[in-house]
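A closer look at the structure
Residues per chain are reported as follows:
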Amino acid sequence: MLAQFVAADTAPKILLLLALLVSIFGIGIVVFSRRNRAATKPRTSQRISQQASQVTRMTEDQSTSKSAINSTIEEDLSVRGRLSKARSTFAGAIATALTSSSITQQTWDDLEEALLRADVGVASTARVLAPLRELVKTKKITQPSDLMSALQNEMAAQLSQNSRELNFDSSLGTPNIWLVVGVNGAGKTTTIGKLSAQQHAIGRSVLLAAGDTFRAAAGEQLETWALRSGAEIVRGAEGGDPSSVIFDGVARATSRKIDLVLADTAGRLQNNTNLMEELAKVRRVADKGSGKVTEVLLVIDATTGQNGLTQAKQFSLATRVTGVVLTKLDGSAKGGIVFAIETELQIPIKLVGLGETIDDLIAFDAQEFVSALFM
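Because the structure is a prediction, the values reported are computed rather than measured.

**Quick word on the overall build of the chain**
If you tally the helices and strands in the chain, you get 13 helices and 8 strands. A total of about 19,700 Å² of accessible surface is found on the chain, and carbon and sulfur atoms cover 55% of it.

**Thoughts on the pairing of strand β6 (residues 323–327)**
Within β6, 5 of the 5 residues are buried, which leaves it mostly tucked inside the rest of the structure. A two-sided burial pattern is seen for β6, the buried positions comprising Gly-323, Val-325 and Thr-327 on one face and Val-324 and Leu-326 on the other. The pairing of strand β5 (residues 292–301) with β6 spans 5 bridges and is parallel. Paired with Asp-301 across the two strands is Thr-327, which belongs to β6. Read as a crossover between parallel neighbours, the route from β5 over helix α11 (residues 307–319) to β6 is right-handed. As paired strands, β6 and strand β7 (residues 349–353) are joined by 3 bridges and run parallel to one another.

**Let's talk about the sheet that holds β6**
Ordered in space as β3-β2-β4-β1-β5-β6-β7-β8, the 8 strands form an open sheet in which the pairing is mixed. Looking at strand neighbours, the two that pair on one side only are β3 (232–235) and β8 (361–363), the edges of this open sheet. For this sheet, the mean angle separating the axes of adjacent strands, direction not counted, is 25 degrees. Taken together, the 3 bridges between β7 and β8 define a ladder with antiparallel strand orientation. Note that in β8 the partner of Leu-351 across the bridge is Ala-363. Here helix α9 (residues 242–255) sits on the sheet in contact with β1 (176–181), β2 (206–211), β3 and β4 (260–265), set at roughly 165 degrees to β2. Taken strand by strand, helix α12 (residues 337–345) contacts β5, β6 and β7, and its axis lies near 175 degrees from that of β6.

**What about the packing of helix α7 (residues 188–201) against helix α8 (residues 218–229)?**
At a closest axis distance of 9 Å, the pairing of α7 and α8 adopts a crossing angle of 20 degrees. Relative to α8, α7 is oriented roughly parallel. α8 is crossed by α7, and the crossing has right-handed handedness. Together, Thr-189, Thr-190, Ile-192, Gly-193, Lys-194, Ser-196, Ala-197 and His-200 of α7 and Ala-218, Gln-221, Leu-222, Trp-225 and Ser-229 of α8 make up the contact between the two elements. When its residues are assigned to classes, the contact of α7 with α8 shows 5 nonpolar, 7 polar and 1 charged.

**Here's the deal with unusual backbone geometry**
Its identity as a non-glycine residue notwithstanding, Lys-257 has a phi of 55 degrees, on the positive side. Residue position: Lys-257 is located in the loop between α9 and β4. Exposure remark for Lys-257: the relative accessible area of 72% places this residue in the exposed category. Backbone geometry at Gln-346 places phi at a positive 55 degrees, although glycine is not the residue there.

**Quick notes on the environment of Ala-197**
Among the secondary structure elements, Ala-197 is positioned in helix α7. Looking at Ala-197, the relative accessible area reads 15%, which means it is buried. For Ala-197 and Leu-227, which are 30 residues apart along the polypeptide, the C-alpha to C-alpha distance reads 9.8 Å. For Ala-197, the contacting residues outside a window of four places in its chain are Ser-229 and Ile-358.

**What to know about the pattern of salt bridges**
Using the criterion set out here, one finds 12 salt bridges in the structure. Close ionic contact of Arg-235 with Glu-223 constitutes a salt bridge, the shortest N to O distance being 2.8 Å. Within this pair, whereas Arg-235 is found in strand β3, its partner Glu-223 is found in helix α8, the two being separated by 12 residues in sequence. Looking at Arg-235, the relative accessible area reads 38%, which means it is partly exposed. A salt bridge links Arg-256 to Glu-232; its shortest N-O distance comes to 2.7 Å. Here Arg-256 is found in the loop between α9 and β4, whereas its partner Glu-232 is found in strand β3, with 24 residues between them in sequence. Ionic contacts of the salt-bridge type, sharing partners, join the residues Lys-188, Asp-212 and Asp-264 into one network.

**Let's talk about α11**
With 13 residues, α11 should cover 18 Å at 1.5 Å per step; its first-to-last C-alpha distance of 18 Å lies within 8% of that length. Immediately beyond the C-terminal end of α11, within one or two residues, lies Arg-320, with a positive phi of roughly 55 degrees.

**A closer look at the side chain of Thr-343**
Within the secondary structure layout, Thr-343 lies in helix α12. Residue classification places Thr-343 among the buried residues on the basis of a relative accessible area of 9%. Each residue touching Thr-343, except ones within four places of it in the same chain, is listed here: Ser-124, Arg-127 and Gln-158.

**Examining the packing of aromatic side chains**
Considering all chains together, one arrives at 2 aromatic pairs under this definition. Where Phe-339 meets Phe-369, the ring centres are 6.2 Å apart and the plane angle is 45 degrees; that geometry is what we call tilted. Taken together, the residues Phe-339 in helix α12 and Phe-369 in helix α13 (residues 366–374) connect sequence positions 30 residues apart. Look at Phe-339 and you get buried, because its relative accessible area is 1%. Classification of Phe-369 as buried rests on a relative accessible area of 3%. Residues Phe-364 and Phe-369 carry aromatic rings whose centres are separated by 5.3 Å and whose planes lie at 55 degrees to one another, so their mutual orientation is tilted. Through pairs of rings, three or more aromatic residues link up here, namely Phe-339, Phe-364 and Phe-369. Across from the ring centre of Phe-168, 3.7 Å away, lies the NZ or CZ of Arg-204, which sits over that ring. Positioned above the aromatic ring of Trp-225 is the side chain of Arg-228, whose terminal nitrogen or guanidinium carbon lies 4.2 Å from the ring centre.

Calculation criteria
- Residues numbered from 1 in each chain as written.
- Predicted model: local features only at pLDDT ≥ 70, side-chain atom pairs only at ≥ 80, totals over all residues.
- Heavy atoms only, no water.
- Helix = DSSP H or I, 4+ residues; strand = E, 2+ residues; numbered from the N terminus.
- Areas by Shrake-Rupley, 256 points an atom, 1.4 Å probe, with all protein chains shown as cover.
- Buried < 20%, exposed > 50% of the residue type's maximum accessible area, 1.4 Å probe, protein only.
- Pairing = 2+ DSSP bridges.
- Right-handed = clockwise from strand over helix to strand, strands pointing away.
- Axes fitted to C-alpha atoms, helices over the stretch in contact; angles between N-to-C directions.
- Contact = heavy atoms within 4.5 Å.
- Parallel < 35°, antiparallel > 145°, perpendicular 65-115°, else oblique.
- Left-handed = near helix turned anticlockwise from the far one by under 90°.
- Nonpolar A, V, L, I, M, F, W, Y, C, P; charged D, E, K, R; others polar.
- Salt bridge = Lys/Arg side-chain N within 4 Å of Asp/Glu carboxyl O.
- Expected span 1.5 Å × (residues − 1).
- Phe/Tyr/Trp six-rings, centres within 6.5 Å; stacked < 30°, edge-to-face > 60°.
- Lys NZ or Arg CZ within 6 Å of the ring centre and 35° of its normal.

Keep in mind that these numbers describe shape and distance, not what the molecule does.
Here it is, written out as structure tokens:
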């Protein structure tokens with residue numbers, strides 16, 4: 001009886017105690033969970049921060065890598081980079097000629113042979129070596145290594161005497177005419193397109209006269225360049241008179257107040273007298289129009305070697321060439337033709353082509369060119 005009374009009396013208290021314990025336990029779990037989350041947040045934040053730092057470092061590394069790649073690309077696109085083939089031929093031959101411990105007659109023979117193999121030409125080679133012989137004779141140079149430096153300086157000096165600016169007379173009040181001549185395959189039409197784009201970029205209005213009426217698709221090729229460079233174009237009938245096309249082009253340029261006419265001409269074989277006479281006629285007709293011929297650019301493929309010198313002589317007689325554009329200098333050209341043209345004919349090389357894009361037609365810098373050949 002007493003046990004039943006005690007059980008009946010304590011049962012509610014036990015249940016109440018259990019409920020209290022359960023509540024305390026639940027509150028403890030909640031508090032622990034919140035503390036755990038609070039402790040985890042800094043670690044998570046720290047981890048995120050660390051990941052962000054890693055990403056930043058990776059980005060910086062990638063940026064550094066890209067910069068290095070870009071630097072390499074810029075170097076490859078430089079004059080020195082583009083002349084690697086010519087340099088390997090030219091500098092290699094010169095270095096071989098100067099391997100002896102002293103300067104002897106054999107040194108001069110080897111040096112002369114090296115220059116001739118590099119397409120410098122007989123007359124230009126003699127002209128370059130004469131001052132060096134005098135320096136050795138007077139004992140101002142005694143070592144082959146000094147002879148190498150003197151040779152580089154002399155070659156640069158002989159190329160630095162000509163003005164290389166493209167002739168454009170802004171005071172004319174009529175279109176300037178630039179005739180572009182050269183044999184087929186030298187890169188004449190492409191050079192005109194690049195010139196057009198460059199002149200348009202500096203604010204001059206340009207018209208292209210498609211005077212090469214004999215080569216298949218020459219007109220279409222020039223028309224493509226006209227669209228790309230923002231120039232107008234005048235074309236004639238296939239096989240028609242080149243002089244009339246250029247005359248019509250100058251007339252249109254005059255009526256529309258266009259600054260510059262770039263006139264393409266038929267590619268000529270310099271040993272064909274009749275064709276060279278026709279080219280001379282083109283020059284006469286261009287001069288008789290309302291514009292004025294201020295530049296005659298001869299485009300020569302640098303890989304043709306001494307044949308390029310022959311071309312320069314014949315074209316100069318027919319059209320009074322004022323400047324040379326030397327294309328494909330980044331190819332298998334040996335580079336010596338530069339000296340032959342300039343020192344023998346006194347025709348300045350004004351532009352050189354070092355690739356296929358518009359930016360690859362650049363102004364010729366004698367000092368930079370010679371330096372790129374030697375180093």
